[in-house]
Amino acid sequence: LDVSMDMWTFFYICLASVWLHRFYIYSAVAFGISIWIVFQFTATRTKKKSEKSTVNPAASVGIEDTLVNGYATLQAKEVSVAGVKIFYGSQTGTAKRFAKGLAEAVISLNLPVEVISMGDYDPDDCLAEETSSRNICVFLVATYTDGQPTESAAWFCKWLEETANDFRVGKTYLKGLRYAVFGLGNSVYVDHYNTVGRNIDRWLWMLSASRIMTRAEGDCNVAQSKHGSIEADFEAWKAKFLGRLQALCRGEKKPCSGKCKKGKCKSPGKQRKEGSDHEHRASEYENAEAEDFFETSSEEEADAEEAGGTNSVVDVEDLGNIMSHMKKAKRERELEEGDTGTGLPHENAGRKEEGEKREMITPALREALTKQGYKLIGSHSGVKLCRWTKSMLRGRGGCYKHTFYGIESHRCMEATPSLACANKCVFCWRHHTNPVGTEWRWKMDQPEMILQEAIENHQNMIKQFKGVSGVKADRFEEAMTAKHCALSLVGEPIMYPEINRFVQLLHQHSISSFLVTNAQFPEEIRNLGPVTQLYVSVDASTRESLKRIDRPLFKDFWQRFLESLKALSEK
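Anyway, here's the lowdown on the structure attached to this text. (Residues numbered from 1 in each chain as written. Predicted model: local features only at pLDDT ≥ 70, side-chain atom pairs only at ≥ 80, totals over all residues. Heavy atoms only, no water.)

Let us now look at the overall build of the protein. When its secondary structure is counted, the protein shows 19 helices and 16 strands. Within the protein, the proportion of its 571 residues that are buried is 42%. Total accessible area computed for the protein in this model is approximately 31,300 Å², and 54% of it derives from carbon and sulfur atoms. (Helix = DSSP H or I, 4+ residues; strand = E, 2+ residues; numbered from the N terminus. Buried < 20%, exposed > 50% of the residue type's maximum accessible area, 1.4 Å probe, protein only. Areas by Shrake-Rupley, 256 points an atom, 1.4 Å probe, with all protein chains shown as cover.)

Set out below in structure tokens:
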């Protein structure tokens, strides 16, 4: 009994001692846990560093452990750069050699790379896919004779220009595509120095593609080359590009100051991003350092665009200013025409105006329409390739006229004998720069000349597709002979006084006719001879909505509209 009592007393004393010294015990346990945590943290960081030094430099490709229903699963992080695609357009082989050298450098970074000749690439099919591929697209392009692209790059450049200026293509068509441009040129040819590289850069930006760095230009003229030769220019740019590429792989992005205008970044930083919500642009690029002044500056590009005038893309917000300038210029021209130099009006000015009619197409309008891909004929007509013509040349689908009437789109010629119109529709893609009028008051070209030049210009545009990737040889041959003419390009073709003779000439050449009118010329519809297909556009259902949408010039527009529909029913 005494022994058991002694054991109990000893146990009691131990418990009491533990309780009395519990603070020291808690401290020791906490210290031990802290040491364990520090050890685990250090081991984890060391392990991650060793893994990072051996993986692809696109460090954003990592692995995370996540716990789902008690089980550890692997989840890949987002890839910042999936690979690099290098496009080149070369005539003498320099751009191709540069492309291969750049590819080798990219491969050394453990990134997949693809070298592509522009002549073997179909941008209509593939370029839009790069908006979501997370690839970086590099364009190495040479400027050839008279500022034209090389033969291999001709179709790519033509497609890109037309797409950038096509009202049917959204401004964000290439949003998400990241690119860099290096142009090859010779400053001896001052007027055309690196024109192709500059154009590709501008057209890509117009379609909302994002620069990862400013455009660079190599100069074959060793006397003017900033680094002594075009090879040295390229090596300097390549070093910067690889540095920028590695930064993108790490997911680095530096914001732009927001002082960008018309695609030219004027921020002072080395790396920045154009991301204005107002302009809906996302254009990242790196600014040139002091020694890298072979790259183009923002001021140079801004001056070039201001000098270009009509060559730049017009935003809807700018239309008011443009119309004001046009009205001012018109008033000044009228004053010049009616002034003898002494401040007195010329007494014969009115008679001269009556006796000699002016041309419909002004020099400014001719320049603007030519840039948009129109082939102008004489003083009031034009022809242009339709996107469905291009589509069917590649063996794809045609427009609804093919579905409805069996008309083959690749054998269709889209034209107009009158660029003028009697409406100023709010949805007009000409920005209301084309002539307007309620009657024909311009010089008139003969229908025989219009048709002959329309066919010749159409054939010349078709010839540009020879050898283009994806174009079917049999359809190319068929397209050289137009079998249908869509008189719906722009303007009001029924205004042309010789429209009946023109349609007859089409039919005599075994070309079917398709004519569209805006329902403001009922008498002309009644007097119109047989056409294969006659359409009247109905843009609104009430007088008020028609006035608001079409903004017709005629005061009796609603009566003319109703009479046009009645005339159509009588055909």
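Following the structure, the description resumes.
Attention now goes to a nonpolar patch on the surface. A cluster of nonpolar side chains, namely Val18, Ile25, Tyr26, Val29, Ile33, Trp36 and Ile37, defines an oily patch on the protein surface of about 720 Å² accessible area. Top element by residues in the nonpolar patch is helix 2 (residues 22–52). It accounts for six residues. Structurally, the position occupied by Val29 is in helix 2. Look at Val29 and you get partly exposed, because its relative accessible area is 48%. (Patch = residues over 30% accessible without salt bridge, like charges linked within 9 Å, V, L, I, M, F, W, Y side chains within 5 Å. Salt bridge = Lys/Arg side-chain N within 4 Å of Asp/Glu carboxyl O.)

Before going further, it helps to spend a moment on helix 3 (residues 94–107). Over its 14 residues, helix 3 extends 20 Å from the first C-alpha to the last, a length consistent with the 20 Å expected when each residue adds 1.5 Å. The set of residues buried in helix 3 consists of Thr94, Ala95, Phe98, Ala99, Leu102, Ala103, Ala105 and Val106. The secondary structure elements touched by the buried residues of helix 3 are strand 3 (83–89), strand 4 (113–117), strand 5 (135–142), strand 6 (178–185) and helix 7 (230–249). (Expected span 1.5 Å × (residues − 1). Contact = heavy atoms within 4.5 Å.)

Before going further, it helps to spend a moment on the pattern of salt bridges. Side chains that differ in charge, positive against negative, can pair when their charged atoms come close. Inspection of every chain in the model, using the stated rule, returns 19 salt bridges. Among the salt bridges present, the one from Glu523 reaches Arg526, with a minimum N-O distance of 3.9 Å. Taken as a pair, Glu523 and Arg526 lie in helix 17 (residues 522–527) at a separation of three residues, close to a single helical turn. Judged by its relative accessible area of 45%, Glu523 falls in the partly exposed class. We classify Arg526 as partly exposed; its relative accessible area is 30%. A salt bridge links Arg526 to Glu570, with the shortest nitrogen-to-oxygen separation between them at 3.7 Å.

Strand order across the open sheet formed by six strands is 11-12-13-14-15-16, with mixed pairing between neighbours. Edge strands, defined here as strands with exactly one partner in the open sheet, are strand 11 (375–377) and strand 16 (533–536). Ignoring which end each strand starts from, the neighbouring axes of this sheet average 20 degrees apart. One ladder, built from four bridges, connects strand 15 (residues 512–517) with strand 16; its direction is parallel. Among the inter-strand pairings, Leu515 is bridged to a residue of strand 16, identified as Leu534. (Pairing = 2+ DSSP bridges. Axes fitted to C-alpha atoms, helices over the stretch in contact; angles between N-to-C directions.)

Below, the discussion takes up helix 19 (residues 557–569). When the terminal C-alpha atoms of helix 19 are compared, their 19 Å separation across 13 residues agrees well with the 18 Å that a helix rising 1.5 Å per residue should span. Among the residues of helix 19, those classed as buried are Phe557, Trp558, Phe561, Ser564 and Ala567. Here the buried face of helix 19 lies against helix 17 and helix 18 (543–550).

Attention shifts here to the packing of helix 3 against helix 7. In contact at an axis separation of 11 Å, helix 3 and helix 7 are set at 30 degrees when each is read in the N-to-C sense. Classified by chirality, the crossing of helix 7 by helix 3 is right-handed. Within the contact between the two elements, helix 3 uses Arg97, Phe98, Gly101, Leu102, Ala105 and Val106 and helix 7 uses Ile230, Glu231, Phe234, Trp237, Lys238, Phe241, Leu242 and Leu245. Its residues assigned to classes, the contact of helix 3 with helix 7 shows 10 nonpolar, one polar and three charged. (Left-handed = near helix turned anticlockwise from the far one by under 90°. Nonpolar A, V, L, I, M, F, W, Y, C, P; charged D, E, K, R; others polar.)

For the pair helix 18 and helix 19, the least separation of the axes is 10 Å and the interaxial angle reads 100 degrees. In terms of orientation, helix 18 lies roughly perpendicular with respect to helix 19. Counted together, Arg543, Leu546 and Lys547 of helix 18 and Phe557, Trp558 and Phe561 of helix 19 form the full contact between these two elements. Of the residues that constitute the contact of helix 18 with helix 19, the class distribution is four nonpolar, no polar and two charged. (Parallel < 35°, antiparallel > 145°, perpendicular 65-115°, else oblique.)

Let us look at the environment of Ile499. On the secondary structure map, Ile499 appears in helix 16 (residues 499–508). We classify Ile499 as buried; its relative accessible area is 6%.

What follows concerns the pairing of strand 12 (residues 381–384). Where burial is concerned, the two faces of strand 12 agree: the one with Ser381 and Val383 and the one with Gly382 and Lys384 are both buried. Where strand 11 meets strand 12, three bridges bridge the pair, whose relative direction is antiparallel. Looking at strand 12, one finds that Leu376 is bridged to Gly382. Hairpin connection of strand 11 to strand 12: three residues between the antiparallel strands, including Gly378 at a positive phi of 60 degrees. For strand 12 and strand 13 (residues 412–416), the ladder comprises three bridges, and the chain directions are antiparallel. When the bridges of strand 13 are listed, Gly382 appears paired with Thr416.

A complete count under the given rule lists 22 aromatic pairs for this structure. Between Phe87 and Tyr121 the ring centres are 4.8 Å apart and the planes differ by 75 degrees, which places this aromatic pair in the edge-to-face class. Here Phe87, found in strand 3, pairs with Tyr121, found in the loop between strand 4 and helix 4 (123–126); they are 34 residues apart in sequence, far enough to count as distant. By relative accessible area, Phe87 is classed as buried at 0%. Of the residues examined, Tyr121 reaches a relative accessible area of 7% and is grouped as buried. Between Tyr121 and Phe156, the aromatic rings sit 6.3 Å apart at their centres with planes inclined by 40 degrees, giving tilted as the arrangement. Of this pair, Tyr121 sits in the loop between strand 4 and helix 4 while Phe156 sits in helix 5 (residues 154–165); the two residues are 35 residues apart in sequence, bridging distant segments of the chain. Chaining the aromatic ring pairs together yields one cluster made of Phe98, Phe182, Phe234, Trp237 and Phe241. Between Lys401 and the ring centre of Phe514, over which it is positioned, the NZ or CZ distance is 4.6 Å. Here the basic side chain of Arg560 rests over the ring of Phe554, its NZ or CZ set 3.7 Å away from the ring centre. (Phe/Tyr/Trp six-rings, centres within 6.5 Å; stacked < 30°, edge-to-face > 60°. Lys NZ or Arg CZ within 6 Å of the ring centre and 35° of its normal.)

Before going further, it helps to examine the nonpolar core. Phe139, Leu160, Tyr179 and Ile200 are the most contacted members of the largest nonpolar core, which totals 84 residues. No fewer than three residues from each of domain 1 (83–250) and domain 2 (363–570) sit in this core. Once you skip the residues sitting within four places of it in the chain, Ile200 turns out to touch Met118, Phe139, Val141, Cys157, Leu160 and Val181. Core analysis: the next-biggest nonpolar cluster, separate from the first, contains 31 residues, Phe98, Leu109, Ile136 and Phe182 among them. (Core = buried A, V, L, I, M, F, W, Y, C linked by side-chain atoms within 4.5 Å. Domains from an automatic or database assignment.)

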